[in-house]
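For reference, the chains in residue letters:
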Amino acid sequence: MGAVLLSPIYLLLHLYLAIRILSWFSAIGGPMDSTWVSVLFLIPFVLVTVSPLLGAFTHGRLKRATKQISNYWLGILLYLALFLLLSDLIRILFCLASHQPLSGFAWSSESAGTFSHTTAVIGDAVVFAATALLSIYGILHARQVKKVTCSVKIPKSCELSTSKSEHTETISAQKPGADTVCTSKTRSNANLKIALVADLHLGYSVGLPQIRKIADIIREMEPDLIVFAGDLFDNEFAAIGQPEECARVLASLKSTYGSFACWGNHDVEELIFAGFTFHSKKEKVFGSPQMNQFLKASGIRILEDETLLIDNVFYLTGRLDASCQKKKSSEDKMPDDSILKHDAPNTNKSVSGRKTPTELTAGLDPEKPYIVIDHQPSELPELAAAGANLVLSGHTHDGQLFPASLTTRIGWKNSHGKLCIGNMTSIVTSGAGVWGPAMRVGTNNEVVEISVQAMP
């Protein structure tokens, strides 16, 4: 629905850009002010304009090519339009302040030789150069991943460092309560070290190279717990290049307790147009069979409003996404090699609703530390009131692109970083991948190393 509503604005914006750029060619004069130059410009311009549409409704190599072009173009479009509109605003304000007619900054070759004409031509050249440089930087920066560290103190008297049992086992408990997971590995660190990753958005813009960089950072951490806080996929499993190798790299990650995840709002197969999803009338089903098999091959356990008691020391809950749609796992087993079979039958069933924070904590021991994985940091006060000690989230991307990064602070109580609410700490990561435009400007891809210590 968002894409449909924004389509007229998208088309008008491209019409404005076409007129402005062609006017600049005309103002330069000479060979630039010719029909063949205009045609050579308009052909690729129209192609990139319709690339989101082609990417949504084509197939095979054409779909991949147009999707990738579209993702790059959306970022370029943002800064090109922003800089040109700002340039025009400055031009209008200057003319009004100096009591000159707005035609004083005309782009036509008839005004060649005037100061205003030269200023306009040079000004637009600066705009195009700035857009190109900023876009190149954003594309390259989106391929980098940095490590961020933070520490958390949980007001509980228990000791997070405990001796481990000799055998690995999983014990189901009566509900309400939690499953208990024991491990045979030992830790020498008194703190609980968590590696937090969110918003990978595996697909056309993020793939194996990014996975390898993330894996290298996590290996260096030597964490006790690896958490993937939603949006591991970018709506289309078929968009992932080399999925077996991506799964192999993720499966190679070692930790004391293993890797856990919750679903995010993009972990569902839906039609994508310019970064926006088209919702069907059917209930959303998180995790297609291919997505589930990918996570199984990656050694990542999905928690869907489920709570685990880890080594009888701390609780770990993975919440369903805030869109409040739930998937029930099928009892049908799929062969391990089905991860690459995009035509495998979808045997999942969906059920509406997710548990409230109070329902999640029912039957839990309040003396034990309680960690929650919640993709969207949308119920932080409620989780704090329910007794959560640490909430790990993503979703916001910290805005991903400046100046959008300024707006996330308006809509979220904690849009990025660390925030304490009573006895609870919220940590929101900017994510390790990109959504929509394949760029990052003013924000970073990151993996967060969290050192957790229980303090009486």
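Residues numbered from 1 in each chain as written. Predicted model: local features only at pLDDT ≥ 70, side-chain atom pairs only at ≥ 80, totals over all residues. Heavy atoms only, no water.

With that out of the way, let us pick up the sheet that holds strand β9 (residues 300-302). Ordered in space as β1-β18-β4-β5-β6-β9, the 6 strands form an open sheet in which the pairing is mixed. Looking at which strands have only one partner, the edges of the open sheet turn out to be β1 (146-154) and β9. Direction aside, the axes of adjacent strands within the sheet are offset by 25 degrees on average. (Pairing = 2+ DSSP bridges. Helix = DSSP H or I, 4+ residues; strand = E, 2+ residues; numbered from the N terminus. Axes fitted to C-alpha atoms, helices over the stretch in contact; angles between N-to-C directions.)

Within the largest apolar cluster, 36 residues are counted, with the highest numbers of intra-cluster contacts made by Phe228, Phe233 and Phe294. Of all the elements in the fold, those that place two or more residues in this core are β4 (192-197), α5 (208-221), β5 (225-229), α6 (243-251), α7 (289-298) and β9. If one sorts the elements of this core by residue count, α5 sits on top with 7 residues. Of all hydrophobic cores here, the second largest spans 29 residues; its members include Ile154, Leu160, Leu192 and Ile371. (Core = buried A, V, L, I, M, F, W, Y, C linked by side-chain atoms within 4.5 Å. Buried < 20%, exposed > 50% of the residue type's maximum accessible area, 1.4 Å probe, protein only.)

Here the focus is the packing of aromatic side chains. Each pair of aromatic rings is reported with the distance of its centres and the angle of its planes. Counting across every chain of the model gives 11 aromatic pairs. Centre to centre, the rings of Trp24 and Phe25 are 5.9 Å apart; their planes meet at 40 degrees, and the pair counts as tilted. The two residues Trp24 and Phe25 agree in class, both being buried. Consider the rings of Phe237 and Phe294, whose centres lie 6.1 Å apart with planes at 75 degrees: the pair is edge-to-face. Placement of Phe237 in the loop between β5 and α6 and of Phe294 in helix α7 is noted, with a sequence separation of 57 residues between them. (Phe/Tyr/Trp six-rings, centres within 6.5 Å; stacked < 30°, edge-to-face > 60°.)

Glancing now at the packing of helix α2 (residues 35-57) against helix α3 (residues 60-97). It is the contact of α2 with α3, at a shortest axis distance of 8 Å, that shows an interaxial angle of 120 degrees. Considering the angle they form, α2 stands oblique to α3. α3 is crossed by α2, and the crossing has left-handed handedness. Residues Phe45, Val48, Ser51, Pro52, Leu54, Gly55 and Ala56 of α2 form the contact with α3, whose own contacting residues are Lys63, Thr66, Lys67, Ile69, Ser70 and Trp73. Residue composition of the contact of α2 with α3, by class: 7 nonpolar, 4 polar and 2 charged. (Parallel < 35°, antiparallel > 145°, perpendicular 65-115°, else oblique. Left-handed = near helix turned anticlockwise from the far one by under 90°. Contact = heavy atoms within 4.5 Å. Nonpolar A, V, L, I, M, F, W, Y, C, P; charged D, E, K, R; others polar.)

Per-residue pLDDT for the protein chain has a mean of 83; in total, 79% of the residues score no lower than 70. For the stretch residues 108-113, pLDDT sits under 50, and the model shows 9 contacts to residues farther than four places along the chain or on other chains. (pLDDT = per-residue confidence, 0-100.)

To continue, consider the pattern of salt bridges. Inspection of the entire model under this criterion finds 15 salt bridges. Salt-bridge contacts for Glu245 lead to Arg212; the nearest nitrogen and oxygen are separated by 3.6 Å. Here the residue Glu245 occupies a position in helix α6, and Arg212 occupies one in helix α5, the gap between them amounting to 33 residues. When its relative accessible area of 40% is taken as the criterion, Arg212 is described as partly exposed. (Salt bridge = Lys/Arg side-chain N within 4 Å of Asp/Glu carboxyl O.)

Together, Val39, Leu42, Ile43, Val46, Leu47, Val50, Leu53, Leu54 and Phe57 make up an exposed nonpolar region whose accessible area comes to about 740 Å². One can find Leu42 in helix α2. Using a relative accessible area of 31% as the deciding quantity, one classes Leu42 as partly exposed. (Patch = residues over 30% accessible without salt bridge, like charges linked within 9 Å, V, L, I, M, F, W, Y side chains within 5 Å. Areas by Shrake-Rupley, 256 points an atom, 1.4 Å probe, with all protein chains shown as cover.)

Within the element layout of this structure, Ser430 appears in the loop between β17 (424-428) and β18 (446-454). A distance of 2.5 Å separates the side chain of Ser430 from the backbone oxygen of Asn444, its partner in a polar contact. (Polar contact = N/O pair within 3.5 Å; in protein donor to acceptor, adjacent residues only side chain to side chain.)

Its location among the elements puts Ala297 in helix α7. Residues Ala297 and Pro243, 54 residues apart in the sequence, show an inter-C-alpha distance of 10.0 Å.

A word on α2. Residue pairs spaced three or four apart in an α-helix point in one direction, given the helix's 3.6 residues per turn. Here α2 spans 32 Å end to end across 23 residues, near enough to the 33 Å set by a 1.5 Å rise per residue. Along α2, the residues classified as buried are Val37, Phe41, Phe45, Val48, Thr49, Ser51, Pro52, Gly55 and Ala56. (Expected span 1.5 Å × (residues − 1).)

Take α6 next. Buried within α6 are the following residues: Pro243, Cys246, Ala247, Val249 and Leu250. One side of α6 holds all its buried residues, which, seen down the axis, span an arc of 160 degrees. Buried residues along α6 sit in contact with α5, β5, α7 and β9. (Arc of directions from axis to C-beta.)

The contact between α5 and α6 brings their axes to 10 Å, and the two run at 5 degrees. Considering the angle they form, α5 stands roughly parallel to α6. Between α5 and α6, the contacting residues are Leu208, Ile211, Arg212, Ala215 and Arg219 on the first element and Glu245, Cys246, Val249 and Leu250 on the second. When its residues are assigned to classes, the contact of α5 with α6 shows 6 nonpolar, no polar and 3 charged.

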